[in-house]
Amino acid sequence: MISSKRGQAIVGRNRRAAFLLLLTLLASLLGPAPAARAQTPTPPVYIQNLLADMTPEEKVGQLFLVTFLGTDASETSQIYDLIVNRHVGGVVLQADNDNFVDAPDTVAEAYRLIHDLQQAEWQGAQIVGTDSAGQPSRSVYVPLWVGIVQEGNGAPNDQILSGMTPMPSAMALGATWDPQLSEQAGAVLGRELSAMGFNLYLGPSLDVLEQPGAASADLGNRAFGGDPFWVAEMGQAFVAGLHTGSDSHLFVIAKHFPGRGGSDRLPEEEVATVRKSLEQLKQIELAPFFSVTGGAPNPMTAVDGLLVSHIRYQGFQGNIRATTRPVSFDAQALNAIINLPEIVPWRENGGLVVSDDLGSRAVREFYAPGGGAFNARLIARDAFLAGNDMLYLGDITASDTPNRYETVLQILDFFTQKYREDPAFAQSVDAAVARILAAKYRLYGNFSLSLVTPLEAGLDAIGGSEQVTFEAARNAATLVSPDAAALADLLPGPPAFSDRLIFFTDTAVTRQCSTCLDQPTLAVDALQRAISRLYGPSAGGQVLETNLASFTFNDLNNFLDGTGGEFIEPDLERARWVVLLLTDSSNDQPALIRRFLSERPDLVRNKYVILFAFSAPYYLDSTDISKLTAYYALYGKTSPFVDVAARLLYRELTPEGASPVSVPGIGYDLISVTAPDPQQIIPLFLDLPPAAAPTALSTTTPEPTPIPLFGMGDTVVVRTGKILDHNGNPVPDGTVVRFNIGLSGETGALLRQEESITVGGVARITYRLEQPGLVEIRAQSDPALFSEVLQLDVAQGEVAAVTVIVPVLSETVAATPVTPLPVEEDEFITPKGTPTFGGWFLFLLVLAAGGWLAYWTGARLQSPRWGIRWALCALLGGLLAYNYLAFGLPGSESALTNGGGAALIGFALAGELLGMVCAWVWMRRVNAPVSRSG
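Residues numbered from 1 in each chain as written. Predicted model: local features only at pLDDT ≥ 70, side-chain atom pairs only at ≥ 80, totals over all residues. Heavy atoms only, no water.

**Quick word on the packing of aromatic side chains**
Following the criterion strictly, the structure yields 21 aromatic pairs and no others. For the ring pair Trp 177 and Trp 230, a centre distance of 5.1 Å and an interplane angle of 80° mean the geometry is edge-to-face. Here the residue Trp 177 occupies a position in the loop between helix H6 (170-176) and helix H7 (179-196), and Trp 230 occupies one in helix H8 (residues 228-245), the gap between them amounting to 53 residues. With a relative accessible area of 8%, Trp 177 lands in the buried category. Ring geometry for Phe 229 versus Trp 230: centroids 5.4 Å apart, planes at 80°, classification edge-to-face. The burial state of Phe 229 is the same as that of Trp 230; both residues are buried. Through a chain of ring-to-ring contacts, the aromatic side chains of Phe 64, Phe 384, Phe 414, Phe 415 and Phe 425 assemble into a single cluster. Over the face of the ring belonging to Phe 374 we find Arg 364, whose NZ or CZ atom lies 4.1 Å from the ring centre. For Lys 418, the ring lying beneath its charged end belongs to Phe 425, and the centroid distance is 5.5 Å. (Phe/Tyr/Trp six-rings, centres within 6.5 Å; stacked < 30°, edge-to-face > 60°. Helix = DSSP H or I, 4+ residues; strand = E, 2+ residues; numbered from the N terminus. Buried < 20%, exposed > 50% of the residue type's maximum accessible area, 1.4 Å probe, protein only. Lys NZ or Arg CZ within 6 Å of the ring centre and 35° of its normal.)

**Brief notes about the nonpolar core**
Of all hydrophobic cores here, the largest spans 138 residues; its most connected members are Phe 64, Leu 93, Leu 117, Met 196, Phe 198, Phe 257 and Phe 415. Among the elements that line this core, the one with the most residues is helix H16 (residues 423-444), at 13 residues. Core analysis: the second largest hydrophobic core is formed by 86 residues, Ile 531, Val 609, Ile 625 and Ala 646 among them. (Core = buried A, V, L, I, M, F, W, Y, C linked by side-chain atoms within 4.5 Å.)

**As for the pairing of strand S12 (residues 391-394)**
Both faces of S12 are covered, namely the face carrying Leu 391 and Leu 393 and the face carrying Tyr 392 and Gly 394. By the bridge criterion, three bridges tie strand S1 (residues 64-66) to S12 in an arrangement that is parallel. Within S12, the position partnered with Val 66 by the bridge is Gly 394. (Pairing = 2+ DSSP bridges.)

**Some remarks on the environment of Ala 484**
Secondary-structure assignment places Ala 484 in helix H19 (residues 484-490). Residues Ala 484 and Ala 630, 146 residues apart in the sequence, show an inter-C-alpha distance of 9.9 Å.

**So, the confidence of the model for the chain**
Averaged over all residues, the pLDDT of the chain is 85; the fraction at 70 or higher stands at 83%. Across residues 1-36, where pLDDT falls below 50, the model places 37 contacts with residues more than four positions away in sequence or in other chains. Long-range and interchain partners of residues 809-825, a stretch whose pLDDT sits below 50, account for 19 contacts in this model, where long-range means more than four residues apart. (pLDDT = per-residue confidence, 0-100. Contact = heavy atoms within 4.5 Å.)

**Things to note about the state of the cysteines**
Summed over the entire model, instances satisfying the criterion amount to one disulfide. For Cys 873, which is in no disulfide, the shortest distance to another cysteine sulfur is to Cys 918 and amounts to 6.5 Å. Since its relative accessible area comes to 43%, Cys 918 is described here as partly exposed. (Disulfide = S-S within 2.5 Å.)

**Concerning the sheet that holds strand S7 (residues 251-257)**
Judged by pairing direction, the sheet is parallel, and its eight strands sit side by side in the order S11-S9-S7-S6-S5-S2-S1-S12 without closing on themselves. Two strands close off the open sheet at either side, each with one partner strand: strand S11 (352-355) and S12. Each strand of the sheet is rotated relative to its neighbour by a mean of 30°, with strand direction disregarded. (Axes fitted to C-alpha atoms, helices over the stretch in contact; angles between N-to-C directions.)

**So, the packing of helix H15 (residues 404-421) against H16**
Where H15 meets H16, the axes come as close as 6 Å, and the angle between the chain directions of the two elements is 115°. In this structure, H15 crosses over H16, and the sense of that crossing is left-handed. Counting all contacts with H15, which are made through Phe 415, Lys 418, Tyr 419 and Glu 421, the residues of H16 involved are Pro 423, Phe 425, Ala 426, Val 429 and Asp 430. Residues belonging to the contact of H15 with H16 are distributed by class as follows: six nonpolar, no polar and three charged. (Left-handed = near helix turned anticlockwise from the far one by under 90°. Nonpolar A, V, L, I, M, F, W, Y, C, P; charged D, E, K, R; others polar.)

**Overview of a nonpolar patch on the surface**
There is a patch of nonpolar side chains on the surface, built from Trp 852, Leu 853, Tyr 855, Trp 856, Ile 868, Leu 872 and Leu 875 and spanning about 720 Å² of accessible area. Contributing elements (two or more residues each) for the nonpolar patch: helix H27 (837-861) and helix H28 (864-886). It is H27 that provides the largest number of residues to the nonpolar patch, a total of four residues. As for its position among the elements, Leu 853 is in helix H27. Take Leu 853: its relative accessible area is 42%, and that puts it in the partly exposed class. (Patch = residues over 30% accessible without salt bridge, like charges linked within 9 Å, V, L, I, M, F, W, Y side chains within 5 Å. Areas by Shrake-Rupley, 256 points an atom, 1.4 Å probe, with all protein chains shown as cover. Salt bridge = Lys/Arg side-chain N within 4 Å of Asp/Glu carboxyl O.)

**Some remarks on the environment of Trp 346**
Along the chain, the position of Trp 346 falls in helix H12 (residues 344-348). C-alpha of Trp 346 to C-alpha of Val 303: the two residues are 43 residues apart in sequence and 9.1 Å apart in space.

**What about the sheet that holds strand S20 (residues 630-633)?**
On the basis of which strands lie adjacent, the open sheet formed by six strands has the order S13-S20-S19-S18-S14-S17 and mixed pairing. In the strand order of this sheet, the two ends are held by strand S13 (478-481) and strand S17 (548-552), each with one partner. Across the sheet, the mean angle from the axis of one strand to that of its neighbour is 20°, orientation sign disregarded. As judged from the five bridges shared by strand S14 (residues 501-505) and S17, these two strands associate in the parallel manner.

**As for helix H5 (residues 106-126)**
Between its terminal C-alpha atoms H5 stretches 31 Å, which fits the 30 Å expected from 21 residues at 1.5 Å a residue. If you check which residues of H5 are buried, you get Thr 106, Val 107, Ala 110, Tyr 111, Leu 113, Ile 114, Leu 117, Gln 118, Ala 120, Glu 121, Gly 124 and Ala 125. (Expected span 1.5 Å × (residues − 1).)

**A word on empty space enclosed by the protein**
Within the structure shown, the criterion is met by six cavities of 30 Å³ or more. As a volume, the largest cavity reaches approximately 120 Å³. For the largest cavity, the lining is made up of 15 residues, of which Glu 151, Ala 170, Tyr 201, Pro 204 and Phe 238 are closest to its centre. Within the residue set of the lining of the largest cavity, elements represented by two or more residues are H6 and strand S6 (200-205). The dominant element in the lining of the largest cavity, judged by the number of residues it contributes, is S6, at three residues. (1 Å grid on protein atoms, 1.4 Å probe; cavity = no way out; pocket = protein on both sides within 12 Å on 5 of 7 lines; lining within 4 Å. Points joined across faces, edges and corners; volume = space filled by probe spheres on them.)

**Overview of the packing of H7 against H8**
Axes are the key here: two packed helices are described by the angle between their axes and the distance separating the axes. Direction vectors running N to C along H7 and H8 enclose 35°, while the axes themselves pass 6 Å from each other. Between H7 and H8 lies a crossing whose hand is right-handed. Contact residues: H7 offers Pro 179, Ser 182, Glu 183, Ala 185, Gly 186, Ala 187, Leu 189, Gly 190 and Arg 191, while H8 offers Glu 233, Met 234, Ala 237, Phe 238, Ala 240, Gly 241, Leu 242, Thr 244 and Gly 245.

**Let's talk about the pairing of S7**
In summary, the side chains of a regular strand alternate between the two faces of the sheet. Burial analysis of S7 places seven of its seven residues in the buried class, the great majority of the element. Note that S6 and S7 share four bridges and pair parallel. Residue pairing for S7: Ser 205 is matched across the bridge by Lys 255. Two strands pair when backbone bridges link them, and S7 and strand S9 (residues 305-308) are joined in this way by three bridges, in the parallel orientation.

Rendered as structure tokens:
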């Protein structure tokens, strides 16, 4: 009987699904869906079947990510009700909501909570209830999203503060300029989050800090850097690591799309504004997002979703006087971005668009300025109709509801009612839910509780990958000021055993939960303890521990105010080293450093003043920096970074990193730094196809690569080697390179100039062989003006033999490019070493002159008759020389090629001289007296 009723229920649900599909079709004819979903492809059959089995409540629930208080997921909890009865699609765990417990159980209890949440979803799908017609029915089982923000560098950017491997900040990874390290860090984080059961990661941040340092919009070390290309490179690698480490069981949502690096304030507090057109955004802010969507080189580097931030854009469509609504609520602006060609392929392949926190203070200030009525239903509807597939509700509380839970219920009811009443809205919901279901299927392949909940044994590997973070810290460490050469003079060595050191640490307290114990963001004696551990009595004895003293910035502030810190002044007076540890600028700590150095210069005079910035490096101005002996940037404050600071202070490590953002205080401009280094000689190569590899069975001796042969009209490919920037890294993709192609000889005329752009630091052009001669190819990439020279010696004939000559240039290069002097052709000798017509005419003139000279000589010595004989002999000698040259007998070509016209005259004179010698011998014999025998 029950089976019969269940079968009738299934038939009834299929009929309702068919009816809904018909309504959807009619709605599509009456009115279009939002443009952001207009290109959504038809979902697979299994998704369509799943949709057909879902009630409107189940479909609507899939749209929402919610938060909740505490760690209780039992049947009496509010979150259980939202999961089982209201079918929300996912949850986000936060430290501020007390979703985690204190150490040492933080990781284990997080695993238990996630397991309970997923178990609740599974159990809810097993409950047999009744549908609207009174027939038995069950909910469709769809795994929950369980998300987290874990950006690295501890509080406030991390939610889990203990138990996991302490991860480097994004800027620390950017300062390494090494995508492999970024990928390794991503793999560690992906593996550990996945082992706990998280399947959704809100990150990484792909914001570009184009103009860092503005206190109103400072992202600190949460961004990879300030160059769009390098943010893209490091972001791609980090995303690939997250996917690899989690075995592709982590849904990665990049933020803060479409980019807030150029905003005028922090969007968490108030809706920020970016004053750029869409075309400008595509060059800077959007470029990293393109690289992980439509421009991703492979699926592992592509994000699964984009988190849309609440940012307004002034001048978005070119009118500087027009400002959009926050793009997360502006259908026209969001559609214009989502439908860009760089994003459309990713979107068509299932990429999701997720709203940022709809319960944030910025949204409340925008919709209800001055504390007015806050309508959560309207806000959620606007965000959905703007084109967001999923809505992150966060800590959203409407004015007419007592708490977050009641507000979420209100929003769910509103969406469900609108789904039933508005076919166009229902069509949009179905399209979004189809995308969400497809994304969850890609994550697991099948909806099964055993696939969704990882084994508890995986927790044992969490927290054991600190070496990766140490490598990132070591490679990120940057000497901001002075340069290495000046530092060697200012700071000849590490602290001596007898030196006294005083540390001032920028520290604050945080908590894992509201009832948990306080813990410092950076302990006041963190660096002191690291130095004692690494260089104290049990580790080489370089430090006398009684010579170390540590104070907080609060102590320093009280000392300057005269309200405390009575031990600071005597310790400063005795200290040889003053070490300042800066963690951020949240409470204007840079101003405290500025005040200390300017108000009490007597306490730091003739001392070594060292600053370690465990944050972004751009908070101090040039005057502040000039008062420091050394200024290092570490970009992170977790224990591996503190250890690296200790090793830098004791000169065990040499800083290898470089700031990934501009630092105005030292004139470090990122655009200039990432431009080609003018001190390099750009390598040039003829890009030939690789030679065939010898077979395994081959026993013949490999022959040298033959000189390549090209027919006239063929093309050759010329490429540069890797062009390096001022930090020794490959220049960003898109760097312009000019190839100059000219002839060697005559005036060294420039045949043409071609421009190309770099990919992976390398640029290429193709050149068509159109004429014989010595062709020279050079390359320039401003401000790098010099390159090696490729000389293509193209011989005459149907086949051109190309010889590649790469001269070895000395390291001392002139300040300006030097054009080789043209080699002038001899007008009497051809390049083949034979006389030209002019050469033969010159030869005849020399013969005539020599014949006249021979006639004059013979006539003077004997008689006019002998003068004629001398002239004839001289001409015969000259004709012999003519024949020697005409037949190209040995030595003639080289003599003429090297000697030119002078050699030709020499041959003519030599022949005539030989003839005159013969005439003289002849004359002597004829005139000799005849002897008579007796």
